Amino acid sequence: TRKRLTIAAPPGRELEVNNIVRTAAGLVGRVVEARGGRGEVFLLVDGEHAVSGRVRRSRDQGMVHLANQSEDRPALLVMDKIIGRADVREGDEILTSGLGEVYPAGIPLGVVVRVERSKAGTVDLRALIRPFVDFDRLEWVLVERHGR
């Protein structure tokens, strides 16, 4: 599912590609197209978006992306590719890890609502995450310049 958002900067301000877009609650996405004070934002809940995340409590890391969707529930994220014998629990907060240099470390992503272990009996697991940002009710966002 492709999801984008158009934002407008205050008069006299310009947006730049790769500006980070967030709310006080957490990550919204990043600017991928900018034309002066207007920009297109690649949302965290876009089906093609993935971000490196980490568990605040245990510091375990994995990739966070949109979970398979059903019509009867709000968008959930999933964290998978979690390395080794990770300690991920329901209620854990997930933050950006800073790996990949797209997003700085420490931006809140969401909270774990369920942990699923591999049926094959391996140590593989994945965590379903409810994003902190309510993408259906966005009105105001903060725009930050990454790396400056």
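Residues numbered from 1 in each chain as written. Predicted model: local features only at pLDDT ≥ 70, side-chain atom pairs only at ≥ 80, totals over all residues. Heavy atoms only, no water.

With that settled, consider the side chain of T96. Along the chain, T96 turns up in strand β8 (residues 93-96). The exposure class assigned to T96 is buried, which follows from its relative accessible area of 0%. Contact partners of T96, with chain neighbours within four places excluded, come to L27, V51, S52, G53, R54, Y103, P104, A105, G106, I107 and L109. (Helix = DSSP H or I, 4+ residues; strand = E, 2+ residues; numbered from the N terminus. Buried < 20%, exposed > 50% of the residue type's maximum accessible area, 1.4 Å probe, protein only. Contact = heavy atoms within 4.5 Å.)

A word on the pairing of strand β6 (residues 61-66). In terms of strand pairing, strand β5 (residues 50-55) meets β6 through five bridges, oriented antiparallel. Within β6, the position partnered with V51 by the bridge is V64. The hairpin turn running from β5 into β6, its antiparallel successor, is five residues long, and R59 in that turn takes a positive phi close to 70 degrees. With four bridges connecting them, β6 and strand β7 (residues 77-80) associate as antiparallel partners. Within β7, the residue paired with M63 across the bridge is D80. (Pairing = 2+ DSSP bridges.)

As a further point, take the pattern of salt bridges. One pass over the structure, following the stated rule, counts eleven salt bridges. We note a salt bridge from R114 to E116, for which the minimum N-O separation is 2.7 Å. Taking the relative accessible area as the measure of exposure, R114 reaches 40% and is therefore partly exposed. If you follow the salt bridges from partner to partner, you end up with R57, D87, R89 and D92 in one network. (Salt bridge = Lys/Arg side-chain N within 4 Å of Asp/Glu carboxyl O.)

Further remarks concern the side chain of N19. One can find N19 in the loop between β1 (4-8) and β2 (20-22). If near-sequence neighbours (up to four positions away) are discounted, N19 is found in contact with G29, R30, V31, V143, E144 and R145.

A positive phi angle is found at N18, which is not glycine, with a value near 80 degrees. Take N18: it is sitting in the loop between β1 and β2. The exposure class of N18 is partly exposed, given its relative accessible area of 39%. Positive phi values are uncommon outside glycine, yet K81 reaches one of about 55 degrees. Tracing the backbone shows K81 in the loop between β7 and β8.

Once that is clear, we can look at the sheet that holds β6. Two pairing modes exist for strands in a sheet, parallel and antiparallel, and in both the strands are linked by backbone hydrogen bonds. Spatially, six strands are ordered β5-β6-β7-β10-β9-β8 in a closed barrel, and the strand pairing comes out antiparallel. For this sheet, the mean angle separating the axes of adjacent strands, direction not counted, is 40 degrees. (Axes fitted to C-alpha atoms, helices over the stretch in contact; angles between N-to-C directions.)

Moving on: the confidence of the model for the protein. Scored by pLDDT, the protein has a mean of 90; 90% of the residues are at 70 or more. Put simply, strand β10 (residues 125-131) is where the protein has its lowest mean pLDDT, 93, and β8 is where it has its highest, 98. (pLDDT = per-residue confidence, 0-100.)

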